[in-house]
Amino acid sequence: MLRRALEFCTHRGALLLALSIFVGLFVPPVARTFRFIITPTVVGLMTLVLLRVDFRAVFAYLRRPVLVLWLIAWLMLICPVLVWALVRLAGSGGPLATAVVIMATGCAATSAPAFARLVGLDPQLSLVASVLSTLVIPFTAPPLALGLLGVALPLTIGGLSARLALVVGLPLLISLAVRRIAGESRLAPYGRAIDGAAVLLVSLYGLGVMDGILAALIARPGYVLGAIALAFLGNYGLNAATTLAFLPFGQRIALATGLLSGNRNMALYLAVMPPETGFDVLIFFALCQFPLFLSPFLLKPIYLRLVARA
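Please read all numbers here as calculations on a predicted model, not as lab measurements.

Visitor: Got a minute to help me understand the layout of surface pockets in this structure?
Guide: The rolling of a water-molecule-sized probe over the atoms marks out the regions of remaining empty space. Taken as a whole, the largest pocket holds about 540 Å³ of empty space. Lining the largest pocket we find 19 residues, and of these R35, I38, V209, L270 and A271 sit closest to its centre. Breaking the lining of the largest pocket down by element, the ones donating at least two residues are helix 4 (38-52), helix 10 (157-182), helix 12 (191-209), helix 16 (266-272) and helix 17 (279-287). Per element, the largest residue contribution to the lining of the largest pocket is four residues, and it comes from helix 17. Across the lining of the largest pocket, the residue classes break down as 14 nonpolar, two polar and three charged. What lines the second largest pocket is a set of 16 residues, and nearest its centre among them are V83, L86, V100, L233 and G234. Sorting the residues of the lining of the second largest pocket by element identifies helix 6 (65-89), helix 7 (95-104) and helix 14 (221-245) as the ones contributing at least two each. Counting residues per element, the lining of the second largest pocket draws most heavily on helix 14, at six residues. Across the lining of the second largest pocket, the residue classes break down as 12 nonpolar, four polar and no charged.

See below:
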């Protein structure tokens, strides 16, 4: 019974993710309840992702240094500069302009492999990008934010290393132990159920991350709606630009890199940015969850059509 329920979650994953942020938005007590389990859900999600990852495919990507280096350089260096240049050309300024540039300095979302699997793209490449971009973010984001915006980002190597150990190292150990004890042959029939459990955990995260957003929407509707529109523009704009940049590597790789480039890990910035950063910037990072959680629902038909054609 539980297995069937989880498989149903896989089948309706895109819809469940979209519903989760709206339930969290319009039912504040629910969002407040789940706010405190965000970190455990991230650890659980990565464990489930690693149970489904084909490590041979992961290592195959790592043996393609040109692709991997270009991907990390594009995500962590070129994208922020590109967004900053577009903001300057548009003559935009203020907190939202600062926030969208900082968003572009972020690493790929921890949930990137789960989102890739939901829309029929390569989760292995997404895992590589998520882990490696998290490793390099303390070396790229602070100098870029300081040089382009004059903003000091409180990202330290020690702090990021501890977080990486928690959200990647611990799940890796757990997943390897489960694989060892259960065996690949026993896990294989439960693949879709594992994917469904991952969808549920991402949905719980979506509930918690919406805490406080309704109050902000009521207090400043114009600003919040404008910030949501900018979040969609930033996410899908990076998606499109990255897809075009990686077409020489093949359409499947280009689509996968586009999705993970748009979906940046804003939870990391929400966790480390000090309160004096300002409400206008911090609220934008939270609102970036709207295009992230709606991307499977909105983009899955497009991806399925393009992948089938490829």
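From this point on, the discussion continues.
Visitor: Sorry, what's going on with empty space enclosed by the protein here?
Guide: Evaluation of the coordinates by the stated rule reveals three cavities of 30 Å³ or more. Taken as a whole, the largest cavity encloses approximately 180 Å³ of empty space. As for the largest cavity, its lining consists of 18 residues, and the residues nearest its centre are V42, A109, T110, S111 and Y205. If you list the elements that add at least two residues to the lining of the largest cavity, you get helix 4, helix 12, helix 16 and helix 18 (289-309). Residue composition of the lining of the largest cavity, by class: 11 nonpolar, five polar and two charged.

Visitor: In this structure, what is going on with the packing of helix 6 against helix 9 (residues 123-149)? I would like to understand it.
Guide: When two helices pack together, their arrangement is given by the angle between the helix axes and by the axis-to-axis distance. At a minimum axis distance of 9 Å, the contact between helix 6 and helix 9 shows a crossing angle of 35°. By crossing handedness, the relation of helix 6 to helix 9 is classed as right-handed. Taking contact as the criterion, the partners of V68, L71, I72, L75, M76, L77, P80, V81 and W84 in helix 6 are, on helix 9, L125, A129, L132, S133, V136, I137, T140, L144, L148 and L149. Here the residues of the contact of helix 6 with helix 9 sort into 17 nonpolar, two polar and no charged.

Rules and cut-offs
- Residues numbered from 1 in each chain as written.
- Predicted model: local features only at pLDDT ≥ 70, side-chain atom pairs only at ≥ 80, totals over all residues.
- Heavy atoms only, no water.
- 1 Å grid on protein atoms, 1.4 Å probe; cavity = no way out; pocket = protein on both sides within 12 Å on 5 of 7 lines; lining within 4 Å.
- Points joined across faces, edges and corners; volume = space filled by probe spheres on them.
- Helix = DSSP H or I, 4+ residues; strand = E, 2+ residues; numbered from the N terminus.
- Nonpolar A, V, L, I, M, F, W, Y, C, P; charged D, E, K, R; others polar.
- Axes fitted to C-alpha atoms, helices over the stretch in contact; angles between N-to-C directions.
- Left-handed = near helix turned anticlockwise from the far one by under 90°.
- Contact = heavy atoms within 4.5 Å.

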